[in-house]
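The lines below spell out each chain.
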Amino acid sequence: MGRSTLRGMRGAIAAGHPLTAEAGARVLRGGGNAVDACIAAAFASWVCESPLTGPGGGGFMLLHDAASGRTRLLDFFVAVPLDAAGSGELLELAVDFDGDTQQQFRTGAAAVGVPGTALGLEEAHRSAGSVPWDELVAPAARLAREGVELTPAQGYLHRILDGLLRHSPEGDAMYGPGRAVVAGERFTVPELGETLERIGADGAGVLYHGELARRIVEHVRGGGGALSLDDLAGYRVVRRRPLASHYRGHELRTNPPPSSGGLLVALGLRSLGDSEPGPEAVAAAMEAQDAVRGPAFVRALHRGAAAGRILSGTTHISVVDGRGDAASLSASLGSGSGVVVPGTGIHLNNMLGEADLTEHARPGERLTSMMAPSLVLRDGRPRLVLGSAGSARLRGAILQVVANVVARGMGVEAGVDAPRVHVEEGIAHCEDPAAADLLERAGYPVVRFRRRNLYFGGVSAVELLADGTLAAAGDPRRGGAGVVVS
């Protein structure tokens, strides 16, 4: 990806919050490229989507260079501490999705893995950025100090994750105090603003070496966690070749092993093949995904790393610019651990709290993930850039949006908004009553959702049509937004 010399750059961005998307769109308007826009949006998301993402998490970014046709994947996901066996007790908490279903989470300092998000963004900037690093960080620092008004979607998220976010005194101070922040109220994190300013001035390394790293480690170890200064100092971003697959004359490029998400999306699309992607065909594709997730699949992905149900608290950003360069970023804190380093605004992940994830994971090893930042190409040119939040549901969310756009010919906005199903362990979860009826007649036990719900993921997708038209869609289930820059 070359350096931008334009005064403005055409492009499109979709993200999990309007201000996240606008931060990236502002960079495109100023002449930055897709990677610049994605980085600026990512920093803004640390404030606007604080329960989901931040410097204490991990993620993946897919980078596509239109000139060469090359796509590469930066893996900066969470790693297992070297002394993971020395971790203390985990805290068990439940999250209720408005009474429709419930999910158990394990958290606390003992669940904190080695974070990588800040180093990953820095590596992406080093590889393909054109706007100075500090200029990409500064708007997020201002947002953190000035605060953001919680949208209804973010208010809902704060409410259902309240037990996770505020279980510690530091979490309560950041996400309270005393009660959850509600929609319409202003959420400020001035201490995170100060941390962002340090990252902007001195680089992401301030989190991995020196005084700030010591504060992170002391807080985690004081709570019974295993994170060490050696873990932080030794963390490295890994470059990987994307997994490639084909669907209806298009090429999918996505997150490769040792992560499982991209492989499962590719498997689901292969199962769909040329069939009409109706509820029964989608359910069968999801059963094909589910069927492979046994011990042999786990061993094949990564020696000892598991592919379990993880990452409820993920967010995603998709960007394409006028040259056809693209960036697809998925990042996560896990489920919003509420483990906050005092005086820094740094909210840490709880990735080690997932039993399926950690059962076979080895000390020092990169964890596997369901996250699947993806790119769909037609004739070698980006057609769709997308990814999703949503734990085990995200692979099905991506599958259905790709099928909606490629097979059904929907625009990206309609494709993201369309009702979804999720089939796991033989049970069909449905947003659409008609699909629920159909699958029930086909013999599935059915869980019916009364409305669109963030349980079914949070897809952010941008589309580049053959005539050059751009479109963007953030998932309404999570209050997402899309912006097209002309």
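Going by the structure above, here's the rest.
Structural notes, computed from the coordinates.

Thresholds applied
- Residues numbered from 1 in each chain as written.
- Predicted model: local features only at pLDDT ≥ 70, side-chain atom pairs only at ≥ 80, totals over all residues.
- Heavy atoms only, no water.
- Helix = DSSP H or I, 4+ residues; strand = E, 2+ residues; numbered from the N terminus.
- Rg over C-alpha atoms; globule rule 2.2 N^0.38 Å.
- Buried < 20%, exposed > 50% of the residue type's maximum accessible area, 1.4 Å probe, protein only.
- Contact = heavy atoms within 4.5 Å.
- Salt bridge = Lys/Arg side-chain N within 4 Å of Asp/Glu carboxyl O.
- Core = buried A, V, L, I, M, F, W, Y, C linked by side-chain atoms within 4.5 Å.
- Pairing = 2+ DSSP bridges.
- Axes fitted to C-alpha atoms, helices over the stretch in contact; angles between N-to-C directions.
- Parallel < 35°, antiparallel > 145°, perpendicular 65-115°, else oblique.
- Left-handed = near helix turned anticlockwise from the far one by under 90°.
- Expected span 1.5 Å × (residues − 1).
- Nonpolar A, V, L, I, M, F, W, Y, C, P; charged D, E, K, R; others polar.
- Phe/Tyr/Trp six-rings, centres within 6.5 Å; stacked < 30°, edge-to-face > 60°.
- Lys NZ or Arg CZ within 6 Å of the ring centre and 35° of its normal.

## Quick look at the overall build of the protein chain
Here is step 1: Regarding its fold elements, the protein chain presents 17 helices and 22 strands.
Here is step 2: Against the 2.2 N^0.38 benchmark of 23 Å for 486 residues, the protein chain shows a C-alpha radius of gyration of 20 Å, consistent with a compact globule.
Here is step 3: Projected onto its principal axes, the C-alpha coordinates of the protein chain cover approximately 55 × 55 × 45 Å.
Here is step 4: Counting across all 486 residues of the protein chain, residues that qualify as buried make up 63%.
Here is step 5: Long-range contacts, defined here as pairs at least 24 residues apart, represent 70% of the contacts in the protein chain between residues at least 6 apart.

## So, the pattern of salt bridges
Here is step 1: Under the criterion given, the structure shown has 22 salt bridges.
Here is step 2: Residue Arg240 pairs with Asp75 through a salt bridge whose shortest N-O separation is 2.9 Å. Placement of Arg240 in strand S8 (residues 238-240) and of Asp75 in strand S3 (residues 70-76) is noted, with a sequence separation of 165 residues between them.
Here is step 3: Given a relative accessible area of 1%, Asp75 falls into the buried group.
Here is step 4: One salt bridge connects Asp475 with Arg420, and the closest N-O pair in it is separated by 2.8 Å. Placement of Asp475 in the loop between strand S21 (470-474) and strand S22 (481-485) and of Arg420 in the loop between helix H16 (412-417) and strand S17 (421-424) is noted, with a sequence separation of 55 residues between them.
Here is step 5: One network of salt bridges, in which partners are shared, links Glu122, Glu123, Arg126 and Arg239.

## With respect to the environment of Leu232
Here is step 1: Tracing the backbone through its elements, the reader meets Leu232 in helix H10 (residues 229-233).
Here is step 2: The spacing of Leu232 and Glu287 is 55 residues in sequence and 39 Å in space, taken between C-alpha atoms.
Here is step 3: Leave out the neighbours within four places in its chain, and Leu232 touches Val114, Pro115, Leu207, Tyr208, Ala213, Val217 and Leu227.

## Side note on the nonpolar core
Buried together is how nonpolar side chains tend to be arranged in soluble globular proteins.
Here is step 1: Of all hydrophobic cores here, the largest spans 85 residues; its most connected members are Phe43, Met61, Leu196, Leu207 and Ile317.
Here is step 2: Other than its neighbours up to four places away in sequence, Phe43 contacts Leu121, Trp133, Leu136, Val137, Ala140, Leu196 and Ile199.
Here is step 3: With 60 residues, the next largest nonpolar core counts Val78, Val265, Ala436 and Ala472 among its residues.

## Considering the sheet that holds strand S18 (residues 427-430)
Here is step 1: An order of S17-S18-S19 is seen for the 3 strands of this open sheet, with the pairing classed as mixed. Because the sheet does not close on itself, it has two edges, and the strands there are S17 and strand S19 (446-448). The mean angle between the axes of side-by-side strands here comes to 20°, regardless of whether they run parallel or antiparallel.
Here is step 2: Here S18 pairs with S19 via 3 bridges, running parallel.

## A word on the packing of helix H11 (residues 261-272) against helix H12 (residues 279-291)
Here is step 1: Between H11 and H12, whose axes approach to 8 Å, the crossing angle comes to 135°. It follows that H11 is oblique to H12 by the angle criterion. Crossing geometry of H11 relative to H12 is assigned as right-handed. Mapping the contact onto sequence places Leu264, Val265, Leu267, Gly268, Ser271 and Leu272 in H11 and Ala281, Val282, Ala284, Ala285, Ala288 and Gln289 in H12.

## Overview of helix H15 (residues 394-406)
Since there are 3.6 residues in each turn of an α-helix, residues three or four apart along the chain are aligned in direction.
Here is step 1: An ideal rise of 1.5 Å per residue puts 18 Å on 13 residues; H15 measures up with 18 Å between its terminal C-alpha atoms.
Here is step 2: When you tally the buried positions in H15, you get 13 out of 13 residues, the bulk of the element.

## What to know about the sheet that holds S21
Here is step 1: Across the sheet, 6 strands lie side by side as S9-S10-S15-S16-S20-S21; this open sheet has antiparallel pairing. Taken across any chain shown, the strands that pair with only one partner, and hence form the sheet edges, are strand S9 (243-247) and S21. The average undirected angle you get between the axes of adjacent strands in this sheet is 15°.
Here is step 2: The pairing of strand S10 (residues 250-254) with strand S15 (residues 374-378) spans 3 bridges and is classified as antiparallel. Across the sheet, Glu251 pairs through a bridge with Leu377, a residue of S15.
Here is step 3: Packing of H11 onto the sheet brings it into contact with S9 and S10, and relative to S9 it is tilted by some 20°.
Here is step 4: H15 contacts S9, S10, S15, strand S16 (381-389) and strand S20 (458-464) of the sheet and is inclined by roughly 150° relative to S16.

## Examining the packing of helix H4 (residues 133-146) against helix H8 (residues 190-202)
Here is step 1: The geometry of H4 relative to H8 is characterised by a closest axis approach of 8 Å and an angle of 170° between their N-to-C directions. When the axes of H4 and H8 are compared, the pair comes out roughly antiparallel. Between H4 and H8, the contacting residues are Trp133, Asp134, Val137, Ala140, Ala141, Ala144 and Arg145 on the first element and Pro190, Leu192, Gly193, Glu194, Leu196, Glu197, Ile199 and Gly200 on the second.
Here is step 2: The class makeup of the residues in the contact of H4 with H8 is 9 nonpolar, 2 polar and 4 charged.

## Some thoughts on the environment of Gly210
Here is step 1: Assignment of secondary structure puts Gly210 in the loop between H8 and helix H9 (211-222).
Here is step 2: As for Gly210 and Tyr175, which are separated by 35 residues in sequence, their C-alpha atoms are 27 Å apart.

## Section: the packing of aromatic side chains
Here is step 1: All chains considered together, the criterion is met by 8 aromatic pairs.
Here is step 2: Note on Phe43 and Trp133: the rings are 5.3 Å apart at their centroids and 80° apart in plane angle, and the pair reads as edge-to-face. Of the two residues, Phe43 sits in helix H2 (residues 34-48) while Trp133 sits in helix H4, which places them 90 residues apart along the sequence. The exposure classification of Phe43 matches that of Trp133, with both residues buried.
Here is step 3: Taken together, a centroid distance of 6.3 Å and an interplanar angle of 35° make the contact between Tyr208 and Tyr235 tilted. Pair noted here: Tyr208 is in the loop between H8 and H9 and Tyr235 is in the loop between H10 and S8, with a separation of 27 residues, a long-range link. No difference in accessibility class separates Tyr208 from Tyr235, as the two residues are buried.
Here is step 4: Among the aromatic residues, ring-to-ring pairing joins Phe43, Trp46 and Trp133 into one connected group.
Here is step 5: Across from the ring centre of Tyr455, 4.0 Å away, lies the NZ or CZ of Arg393, which sits over that ring.

Nothing here speaks to function; it is geometry throughout.
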